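Summary of the model geometry
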Amino acid sequence: MNRCAVILAAGQGKRMKSAGPKAMCRVLLKPMIDWVIDAVRGAGIEDICVVTGYGGEQLCAHLPEGIVTVRQERQLGTGDAVRAAAEFIGRRGGSVVVLNGDAPLIDSGTLREAFEKHTQEGNSVTVISARVDNPYGYGRIVIDHRDGSLARIVEEKDADEQEKGIYEVNSGAFWFDSADLLRSLEGLRGDNAQGEYYLTDTVAILRKAGKRAGVYSTANSSVVLGANDRAQLMELNQIAKRQVLAGLLADGVDIPCPDGVIIGPDVKIGRDTEILPNTILSGATVIGEGCVLGPNTTVEDSVIGSGVVLDNVKCERARVMDGADIGPFVHIRPNSEIGEKVHLGNFVEVKNSAVGEGTKVSHLTYVGDSDVGAHVNFGCGCVTVNYDGRAKHRTTIGDNAFIGCNTNLIAPVTVGENAYTAAGSTITEDVPAESLGIARARQVNKEGWVRGRK
Ligand code: UD1
Ligand code: CA
């Protein structure tokens with residue numbers, strides 16, 4: 001049977017006080033909308049429609065390929081948002097799961113199990129719910145005690161005292177029979193406290209039409225948590241952080257002190273790697289075994305080998321091979337590949353460059369737009385001068401070359417294999433292999449000069 005998903009993300013999230021759409025607010029540095037999309041895809045559903053509205057351009061620019069988007073012109077409520085996707089749903093038929101873009105902790109297993117229950121019970125709609133300690137702000141699940149089915153969902157602002165005492169709440173994720181959903185949307189009335197078209201009202205409408213409504217209640221209450229404001233966003237971050245760290249610890253990653261440690265949900269880390277305080281790992285980062293990362297280290301969308309040390313490092317979209325020893329205070333910028341057992345030391349910046357195996361760049365050096373061979377030694381304070389004010393040019397350095405202290409390499413330029421540059425040289429022409437390039441004025445000593453000046 002056909003299965004598709006509709007994710008509601010048109011809301012501004014006024015209470016978030018953000019300039020962008022709420023679904024782009026991040027949990028563990030990953031936008032909430034991406035958490036929801038990954039959960040849906042993890043449940044084997046690839047046919048996904050996102051309803052956009054406020055900040056829709058920003059959202060559309062961010063969404064991965066293959067996602068359909070529709071626009072809800074005015075944010076008239078969750079039921080109205082689903083209406084914007086009516087054509088998408090109608091064309092697919094079968095079953096559709098509708099989810100909130102601001103409830104990131106929903107997971108694939110829950111979506112799958114809820115779907116099983118939905119089909120087994122022959123429901124028109126099955127809501128995913130959980131019991132929470134503080135139900136304030138959530139839609140309450142009202143059960144029909146005659147048969148345990150779902151009678152209706154009451155929003156906080158429309159609930160009476162008795163209903164407010166219900167702790168079972170709506171996650172905002174539902175499985176629907178697509179045709180039944182479309183028919184019930186026509187029956188929505190905005191006659192409630194907020195004057196909105198509530199998706200939750202479809203439950204009572206479907207029951208009135210003689211259809212069955214069910215509940216899939218999950219024991220994992222974080223699944224239902226949504227973020228409407230920054231305080232809830234922080235709470236979600238804390239819950240997600242605990243979950244991610246617990247998973248890593250169970251896999252043999254060493255995190256002796258989690259202070260300031262933020263690790264994204266998609267980061268992979270090998271066993272015996274130690275994560276020290278203030279280390280932030282995000283995106284599609286992969287880290288090998290037996291590394292020491294931190295303190296004060298940021299790694300974004302990078303692949304790090306095994307036995308690597310990153311001490312006070314910022315590394316973006318780069319690759320670092322096994323046994324590299326990096327830091328302290330090193331910046332590795334995008335499109336760099338740092339070879340095996342390379343050492344980058346104090347205040348070194350590497351950008352868009354390959355650095356070969358065993359090369360040492362120990363202090364105060366900039367390597368940009370360069371192809372550096374293996375076992376090269378950079379003295380202190382070297383600069384690859386890659387920019388002439390108009391265009392960027394590359395520097396090439398052969399294996400085993402020795403770049404003397406304070407060398408400027410004016411690109412485009414090549415230093416051959418086993419060649420040397422003399423300290424203090426500004427190299428504007430290629431240095432052939434096995435040669436010494438000297439490009440500086442010869443020293444003149446003026447003897448007695450100081451006495452004469454007096
Ligand atoms: C909603 C549910 C509530 C549930 C809670 C779970 C309704 C009426 N209420 O409440 O029962 O417990 O989620 O977190 O559905 N959106 C649109 N267009 C709109 C309005 C909202 O796309 O016109 C999107 C929002 O961007 C958001 C989602 O729908 O991603 C939920 O909307 P929100 O206003 O946050 O609903 P809640 O008040 O949290
Ligand atoms: Ca919400």
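About the criteria used
Residues numbered from 1 in each chain as written. Chains lettered and ligands numbered in written order. Predicted model: local features only at pLDDT ≥ 70, side-chain atom pairs only at ≥ 80, totals over all residues. Heavy atoms only, no water. Near = heavy atom within 4 Å. Polar contact = N/O pair within 3.5 Å; in protein donor to acceptor, adjacent residues only side chain to side chain. Areas by Shrake-Rupley, 256 points an atom, 1.4 Å probe, with all protein chains shown as cover. 1 Å grid on protein atoms, 1.4 Å probe; cavity = no way out; pocket = protein on both sides within 12 Å on 5 of 7 lines; lining within 4 Å. Sits in = over half its atoms within 2 Å of the grid points. Helix = DSSP H or I, 4+ residues; strand = E, 2+ residues; numbered from the N terminus. Nonpolar A, V, L, I, M, F, W, Y, C, P; charged D, E, K, R; others polar. Buried < 20%, exposed > 50% of the residue type's maximum accessible area, 1.4 Å probe, protein only. Pairing = 2+ DSSP bridges. Axes fitted to C-alpha atoms, helices over the stretch in contact; angles between N-to-C directions. Parallel < 35°, antiparallel > 145°, perpendicular 65-115°, else oblique. Left-handed = near helix turned anticlockwise from the far one by under 90°. Contact = heavy atoms within 4.5 Å. Points joined across faces, edges and corners; volume = space filled by probe spheres on them. Donors = N, O, S within 2.8 Å, 3.2 Å for Na, K, Ca; no water. Phe/Tyr/Trp six-rings, centres within 6.5 Å; stacked < 30°, edge-to-face > 60°. Salt bridge = Lys/Arg side-chain N within 4 Å of Asp/Glu carboxyl O. Core = buried A, V, L, I, M, F, W, Y, C linked by side-chain atoms within 4.5 Å.

Ligand 1 sits among 22 residues. The nearest are L8, Q72, T78, E155 and N170. The side chain of D102 places a nitrogen or oxygen atom 3.1 Å from an oxygen atom of ligand 1. A total of 750 Å² of accessible area belongs to ligand 1 in isolation, and the protein chains cover 90% of it. Using a 2 Å cut-off from the grid points, one finds that ligand 1 occupies the largest pocket. Counting residues per element, the ones that place at least two in the shell around ligand 1 are strand 1 (3-9), helix 3 (78-84) and strand 10 (168-177). Residues that form the shell around ligand 1 fall into these classes: seven nonpolar, 12 polar and three charged.

Before going further, it helps to spend a moment on the pairing of strand 10. Across the 10 residues that make up strand 10, a large majority, nine, are buried. The pairing of strand 6 (residues 95-100) with strand 10 spans four bridges and is classified as antiparallel. Pairing of V97 across the sheet is with W175, part of strand 10. Strand direction decides the pairing type here: strand 7 (residues 125-131) and strand 10, joined by six bridges, are antiparallel. From the neighbouring strand, V125 faces strand 10, where its bridge partner is F176.

Now for the packing of helix 1 (residues 32-42) against helix 5 (residues 108-120). Contact geometry for helix 1 and helix 5: axes closest at 7 Å, N-to-C directions at 50 degrees. In this view, helix 1 runs oblique relative to helix 5, as classed from their interaxial angle. Viewed along their axes, helix 1 and helix 5 form a crossing whose handedness is right-handed. Here D38, A39, V40 and G42 of helix 1 come into contact with helix 5, specifically with S108, L111 and R112. Along the lines of polarity and charge, the residues of the contact of helix 1 with helix 5 split into three nonpolar, two polar and two charged.

Estimated volume of the largest pocket: approximately 1,600 Å³. If you trace the largest pocket, you find 50 residues lining it, with R15, K22, D102, G137 and N228 closest to the centre. Here the lining of the largest pocket is composed, by residue class, of 18 nonpolar, 21 polar and 11 charged.

Our next topic: the coordination of the calcium ion (ligand 2). Within the protein, the calcium ion (ligand 2) binds to D102 (OD) and N228 (OD1); these donor distances fall in the range 2.3 to 2.4 Å. Highlighted residues: D102 in the loop between strand 6 and helix 5 and N228 in the loop between strand 11 (213-217) and helix 9 (230-250), separated in sequence by 126 residues. As far as the burial class goes, D102 and N228 line up, both buried.

Per the counting criterion, the structure on display carries four aromatic pairs. With a centroid separation of 4.6 Å and 50 degrees between ring planes, the pair formed by F115 and W175 is classed as tilted. Residue F115 is found in helix 5, and its partner W175 is found in strand 10; the two are separated by 60 residues along the sequence. Grouping residues by exposure puts F115 and W175 together as buried. Judged by centre distance (5.3 Å) and plane angle (15 degrees), the rings of F329 and F347 are stacked. Of the two residues, F329 is situated in the loop between strand 23 (325-326) and strand 24 (330-332) and F347 in the loop between strand 26 (343-344) and strand 27 (348-351); the sequence distance between them amounts to 18 residues. By relative accessible area, which is 42% here, F329 ends up partly exposed.

Let us look at the pattern of salt bridges. Summed over all chains, the structure comprises 22 salt bridges. The partner of E46 in a salt bridge is R41, and the shortest N-O contact between them spans 3.5 Å. E46 sits in the exposed class, given a relative accessible area of 52%. One salt bridge connects E349 with R333, and the closest N-O pair in it is separated by 2.5 Å. Separated by 16 residues along the polypeptide, E349 in strand 27 and R333 in the loop between strand 24 and strand 25 (337-338) bring together distant segments of the chain. Look at E349 and you get partly exposed, because its relative accessible area is 26%. The class of R333 is partly exposed, set by a relative accessible area of 25%. One salt-bridge network, in which partners are shared between bridges, spans K30, D38 and D266.

The next thing to look at is the nonpolar core. Nonpolar side chains in soluble globular proteins tend to be buried together. I263, I332 and L344 are the most contacted members of the largest nonpolar core, which has 65 residues in total. Among the secondary structure elements, those contributing two or more residues to this core are helix 1, helix 9, strand 21 (313-316), strand 24, strand 27 and strand 37 (413-415). Top contributing element to this core by residue count: helix 9, with seven residues. Among residues more than four places away in sequence, those in contact with L344 are D325, I326, G327, V330, I332, I338, V350 and V361. A81, I141, V203 and L206 belong to the second-largest nonpolar core, a separate cluster that totals 29 residues.

No statement about biological role is implied by the geometric values presented.
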